[in-house]
Amino acid sequence: KQARFPARKTLEEFDFSFQRSVQKTLVVHLGQLDFLTAKDNVVLLGPPGTGKTHLAIALGIRACLAGQRVAFATATEWVARLGDAQRQGRLDEELRRLLWTPLLIVDEVGYIPFDAQAANLMFSLVSSRYERASLIVTSNKPFSAWGEIFGDEVVAAAMIDRLVHHAEILSLKGDSYRLRDRDLGGRPP
Ligand code: ADP
Ligand code: MG
């Protein structure tokens with residue numbers, strides 16, 4: 001329902017024997033969507049290719065199948081959308097409207113640094129949904145680097161505080177699944 005996922009990915013397709021840093025039982029539990037009912041968040045952290053977007057989409061599809069509205073976009077896209085609303089003087093209205101969508105997915109926090117306005121918009125989004133509706137956020141950067149991404153340690157700390165208070169945080173590690181069949185000279189044959 002109005003999700004616009006960049007690809008179709010499912011939990012069933014996820015190879016937990018390749019990605020050993022996430023517990024399958026935990027992901028399967030998330031797939032049962034108790035976090036949505038509880039209005040909790042899910043944060044997926046890890047380097048490129050470790051399966052963050054895959055898991056975010058797969059959980060989003062689960063929510064769709066359960067009849068919940070889901071909206072998927074990158075952090076940059078969310079900030080652009082909220083920036084438009086702000087310029088038209090209807091940011092609060094837009095944030096309130098988004099609360100009718102129980103699950104927002106914010107993909108790729110950290111690939112592109114935010115200016116101060118973008119950082120404030122991102123903070124507004126996290127803050128408006130705190131204890132009201134769920135977010136799934138993915139980032140290639142650890143929380144310790146978010147101050148740098150957002151150009152402001154105080155805004156970043158306040159955002160992280162609200163984001164993680166009721167959240168499942170998954171730290172994905174390891175090599176990129178995209179490069180799994182390439183010999184990059186890293187691992188012995
Ligand atoms: P990230 O968002 O962490 O950069 P993606 O989730 O986009 O990585 O994963 C990159 C590609 O590899 C996608 O096509 C995804 O479906 C696939 N992929 C990643 N990890 C796994 C996995 N453990 N099992 C199956 N496919 C995976
Ligand atoms: Mg990704």
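Here, the structure is the one placed above.
Residues numbered from 1 in each chain as written. Chains lettered and ligands numbered in written order. Predicted model: local features only at pLDDT ≥ 70, side-chain atom pairs only at ≥ 80, totals over all residues. Heavy atoms only, no water.

Draft legend 1. Quick look at the overall build of the chain. Helix and strand counts for the chain stand at eight helices and five strands. Mapped in sequence order, the helices and strands of the chain form the string α-α-β-α-β-α-α-β-α-β-α-α-β. Here the chain has a C-alpha radius of gyration of 17 Å; the compact-globule value for 189 residues is 16 Å, and the two agree. Each of the three principal axes of the chain carries a C-alpha extent, and together these read 60 × 35 × 25 Å. Looking at the chain residue by residue over its 189 residues, the buried ones come to 46%. Partitioning the contacts of the chain with sequence separation of at least 6, the portion at a separation of at least 24 is 83%. Positive and negative charge centroids in the chain, built from 24 and 22 side chains respectively, lie 5 Å apart. (Helix = DSSP H or I, 4+ residues; strand = E, 2+ residues; numbered from the N terminus. Rg over C-alpha atoms; globule rule 2.2 N^0.38 Å. Buried < 20%, exposed > 50% of the residue type's maximum accessible area, 1.4 Å probe, protein only. Contact = heavy atoms within 4.5 Å. Lys, Arg positive; Asp, Glu negative; His and termini not counted. Charge placed at Lys NZ, Arg CZ, Asp CG, Glu CD.)

Draft legend 2. View of the site of ligand 1. Of all residues adjacent to ligand 1, which total 15 residues, the nearest are Asp-15, Gly-49, Lys-52, Thr-53 and His-54. Here an oxygen atom of ligand 1 and a side-chain polar atom of Lys-9 are 2.9 Å apart. Within the contact set of ligand 1, an oxygen atom lies 3.2 Å away from a backbone nitrogen or oxygen of Thr-50. Notes on ligand 1: free accessible area 560 Å², of which the protein chains cover 87%. A molecule is said to occupy a pocket when more than half its atoms come within 2 Å of that pocket's grid points, and by this definition ligand 1 occupies the largest pocket. Within the shell around ligand 1, the residues separate by chemical class into four nonpolar, six polar and five charged. (Near = heavy atom within 4 Å. Polar contact = N/O pair within 3.5 Å; in protein donor to acceptor, adjacent residues only side chain to side chain. Areas by Shrake-Rupley, 256 points an atom, 1.4 Å probe, with all protein chains shown as cover. 1 Å grid on protein atoms, 1.4 Å probe; cavity = no way out; pocket = protein on both sides within 12 Å on 5 of 7 lines; lining within 4 Å. Sits in = over half its atoms within 2 Å of the grid points. Nonpolar A, V, L, I, M, F, W, Y, C, P; charged D, E, K, R; others polar.)

Draft legend 3. Representation of the side chain of Thr-74. Within the element layout of this structure, Thr-74 appears in strand β2 (residues 70-74). Among the residues examined, Thr-74 registers a relative accessible area of 18% and is labelled buried.

Draft legend 4. Up close: the layout of surface pockets. Looking at the largest pocket, its volume works out to about 460 Å³. Mapped onto the lining of the largest pocket, the elements with two or more residues apiece are α3 (52-65) and β3 (103-109). In terms of residues, the lining of the largest pocket owes the most to one element, α3, which gives four residues. Split into classes, the residues belonging to the lining of the largest pocket amount to seven nonpolar, seven polar and seven charged. (Points joined across faces, edges and corners; volume = space filled by probe spheres on them.)

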